[in-house]
Amino acid sequence: MKVQEIGSRGVLFTFYEMDGYPTNVFVIRGEHHTFFCDTFLGPECMEEVKHYMTYQYGENPYIIFNSHYHWDHVWGNCAFDPAVILAHSLCRELMEEKGQRELEEHEEYKAGDVELILPAITFTEQIVFCEDEVEFFYSPGHTVDSASCFDRKDKILFVGDNVEVPIPYLFSKDLQAYEETLKKYMIMEYEMMILGHGSLPDRSLIEENLAYITAFSKNNTKKYEHDPYRAIHGMNLELQK
């Protein structure tokens, strides 16, 4: 696990348990709450994060945010029970529908005794913790339930898997909504963007992701039939059937 201080109050935890997919958990130390963006593979990983935060900064009520329903972003929820877990309403629905199957299909990745804990608080468009200056908003893209977090104080944007290297996985078939989300990111006044997987990119990665989705929508993907895009593009062709 790698730990980085981000801005005036952020802490970025990067895990390397999944080969080729360094995965980020972003924590914001608000005035009244500590916000955890995603919870990775299970309680063993999240206990490390909790220990670090308590040792370095003391106790503060936790609010847990799931950026989308995929297993590698939600299995650590059970480490925080009974803390508040927050997500888009579709995220809860999809976790309830697909969560057990994902537990069985990806069992070898479980970090500890994973119990699927669904979000207790959901939103449809936006929810803002004004005193903490933290905003969560609906941003469909990678999946239909995807949502993002914006630290208004430090101007840090957490996008989950909506922006990826080198191109995104297209689990949602609403590519127009995905394009609109990326265009929204591009005009937001953020200072730093944090991905669900990988290092800290500049704005050009959003443009590259948007170019791919536009090309995919127009069936003009010859560029992406070669490395380093070929494997992901091939999967997207299957996902979009």
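Caption draft 1: Structural detail: the sheet that holds strand β7 (residues 121–123). Across the sheet, seven strands lie side by side as β1-β2-β3-β4-β5-β6-β7; this open sheet has mixed pairing. The open sheet is flanked by β1 (2–6) and β7, the only strands paired with a single partner. When strand polarity is set aside, the average angle formed by the axes of neighbouring strands in this sheet is 20°. Note that strand β2 (residues 10–15) and strand β3 (residues 23–29) share six bridges and pair antiparallel. Note on β3: the bridge partner recorded for Thr-14 is Asn-24.

Caption draft 2: Looking closely at helix α4 (residues 175–187). Taking 1.5 Å per residue, 13 residues should reach 18 Å; α4 reaches 19 Å between its end C-alpha atoms and fits that length. Buried residues of α4: Leu-175, Ala-177, Tyr-178, Glu-179, Thr-181, Leu-182 and Tyr-185, and no others. Check the buried side of α4 and you find it contacts β9 (134–138), β10 (147–151), β11 (156–158) and α5 (204–217).

Caption draft 3: View of the layout of surface pockets. The computed volume of the largest pocket comes to approximately 560 Å³. If you go around the largest pocket, you meet 20 residues; those closest to its centre are His-70, Trp-71, Asp-72, His-106 and Phe-171. Looking at the lining of the largest pocket, the elements with two or more residues in it are α2 (71–74) and α3 (89–105). The dominant element in the lining of the largest pocket, judged by the number of residues it contributes, is α3, at four residues. Size it by volume and the second largest pocket reaches roughly 170 Å³. Taken together, Gly-20, Tyr-21, Pro-22, Val-163, Glu-164, Val-165, Tyr-169, His-197, Gly-198 and Ile-232 form the lining of the second largest pocket. Here the residues of the lining of the second largest pocket are counted per class, giving six nonpolar, three polar and one charged.

Caption draft 4: Seen up close, the sheet that holds β9. Reading across the sheet, the five strands line up as β8-β9-β10-β11-β12 and stay open at both edges, with mixed pairing between neighbours. One side of each edge strand has no neighbouring strand; the edge strands of this open sheet are β8 (126–129) and β12 (192–194). Adjacent strand axes in the sheet meet at a mean angle of 15° when their direction is disregarded. Where β10 and β11 come together, three bridges link them in antiparallel fashion. Looking at β11, one finds that Cys-149 is bridged to Phe-158.

The rules behind these values
Residues numbered from 1 in each chain as written. Predicted model: local features only at pLDDT ≥ 70, side-chain atom pairs only at ≥ 80, totals over all residues. Heavy atoms only, no water. Pairing = 2+ DSSP bridges. Helix = DSSP H or I, 4+ residues; strand = E, 2+ residues; numbered from the N terminus. Axes fitted to C-alpha atoms, helices over the stretch in contact; angles between N-to-C directions. Expected span 1.5 Å × (residues − 1). Buried < 20%, exposed > 50% of the residue type's maximum accessible area, 1.4 Å probe, protein only. Contact = heavy atoms within 4.5 Å. 1 Å grid on protein atoms, 1.4 Å probe; cavity = no way out; pocket = protein on both sides within 12 Å on 5 of 7 lines; lining within 4 Å. Points joined across faces, edges and corners; volume = space filled by probe spheres on them. Nonpolar A, V, L, I, M, F, W, Y, C, P; charged D, E, K, R; others polar.

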